[in-house]
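# Breakdown of the fold
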Amino acid sequence: MGGASGRGGETITGAVVPPISLSTTFKYQAPGQLLAVTGFVYSRDGNPARNGFESAVAALEGCTHGVAFASGSAAIAMVIMTLPKGSHVISVSDVYGGTFETLTKISPNMGYSATFITSAMTHATKLIWLESPINPTMKLVDIAAVAAQAIRVNLDVLVGADNTFLSPTSSAHSLGAEVVVHSATKYLNGHSDVSPLVELVIYPGLASHLQHELDKRQRTVFGGMIAFRIKGDLATATAFFQHLKTVTIAESLGVVESLAELPATMTHGNLPVDDRIKLGITDNLIRVSVSVEDAEDIIQDVLQALEKAGEGQ
Ligand SMILES: Cc1ncc(COP(=O)(O)O)c(C=O)c1O
């Protein structure tokens, strides 16, 4: 990080690995006169290490500006809060659970309204919020097509995308999203014949995925996020998790450990059951964030957990 593109050495000392700047405040030359070299005042406004991170992520997306927040959810809330009061938001339906809560429970108090997926745009629609692939069903959205159509209907509308599942392999900005959010605790901070017990594997990188061709167009490499339906019910799915040894049961994704979660009771447990089932988030849907352990270790772990879960049926 450091420098305009976030790479190539820190500009003040030339350090190849830029130092982490811990100072909360910065010295003035004289009252009202900033130090000419840096122009920094107070870390909440700007900080050398954070600026480097912001320009690195902006460069990754091909955007002109990047802004870092304490969390991805804070960034998404801020995108919504930049809209004029009374704005309407259209979001993909099976959006990340935290975003769903922000749109349905918090932003209505501030005068914003939201509808999900098939809604028509109105004159008050100021934001279309996308995720692709959608968490955890791995359905894809054609970002370029949505962006082109949105601008045709309403020049005022902002197309925003949560690109957490694709970072850093593909730029949602280059496909037409004007604002792009990455939750930085996922891929960005990384270092860096399933048995008959599986009913369905949902992975856009497989030719069997209905939107495989779109995935090939939208990203440069296939990602590490995969979902599958275990043959059985909630009890079978729960048993699968109890037998995992290498893969950790946890929410989140894109970290150095492979993680598995049961969206029905974890990330998407807050959705009303009927809505959840309609979206395809069934009790037997399992989401895995495949990481950097030896591939054979991960495969063996998943296979033995599947077998043991199957024995209990
Ligand atoms: C797709 C997606 N977007 C956004 C977030 C929110 O990010 P954060 O946990 O940094 O608030 C998450 C968190 O799991 C996520 O999975």
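Residues numbered from 1 in each chain as written. Predicted model: local features only at pLDDT ≥ 70, side-chain atom pairs only at ≥ 80, totals over all residues.

## Quick look at the domain arrangement of the chain
The domains assigned to the chain are domain 1 (1-67), domain 2 (72-189) and domain 3 (198-311). Listed as interface residues are five residues of domain 1 and, on the opposing side, six residues of domain 2. Taken together, the residues of the side of domain 1 that touches domain 2 sort by class into three nonpolar, one polar and one charged. (Domains from an automatic or database assignment. Contact = placed C-beta atoms within 7 Å. Nonpolar A, V, L, I, M, F, W, Y, C, P; charged D, E, K, R; others polar.)

## Re the site of the ligand
Of all residues adjacent to the ligand, which total 13 residues, the nearest are Ser-71, Gly-72, Ser-73, Thr-164 and Ser-183. The residue inventory of the shell around the ligand, partitioned by class, reads two nonpolar, nine polar and two charged. (Near = placed C-beta within 6 Å.)

## As for the sheet that holds strand E10 (residues 248-249)
Each strand in a sheet pairs with another by means of backbone hydrogen bonds, the pair being arranged parallel or else antiparallel. Strand order across the open sheet formed by five strands is E8-E9-E12-E11-E10, with mixed pairing between neighbours. Edge positions in the sheet fall to strand E8 (198-202) and E10, since each has one partner strand and no second. Contacting strand E9 (225-230), E10, strand E11 (259-261) and strand E12 (285-289), helix H6 (residues 234-242) runs over the sheet at an angle of about 130 degrees to E9. (Pairing = 2+ DSSP bridges. Helix = DSSP H or I, 4+ residues; strand = E, 2+ residues; numbered from the N terminus. Axes fitted to C-alpha atoms, helices over the stretch in contact; angles between N-to-C directions.)

## Concerning the pairing of strand E4 (residues 113-116)
Examined bridge by bridge, strand E3 (residues 88-91) and E4 share four bridges and lie parallel to one another. Each residue of the ladder has a partner; that of Ser-91, found in E4, is Phe-116. In this fold, the crossover linking E3 to E4 by way of helix H3 (residues 97-106) has right-handed handedness. (Right-handed = clockwise from strand over helix to strand, strands pointing away.)

## Points about the environment of Leu-140
Structurally, Leu-140 is set in the loop between strand E5 (125-131) and helix H4 (143-153). By the C-beta count within 10 Å, which is 21 here, Leu-140 ends up buried. Separated by 85 residues in sequence, Leu-140 and Ser-55 place their C-alpha atoms 28 Å apart. Setting aside residues up to four positions removed in sequence, Leu-140 forms contacts with Ser-132, Pro-133, Pro-204, Gln-211, Leu-214 and Asp-215. (Buried ≥ 20, exposed ≤ 12 C-beta atoms within 10 Å, placed from the backbone.)

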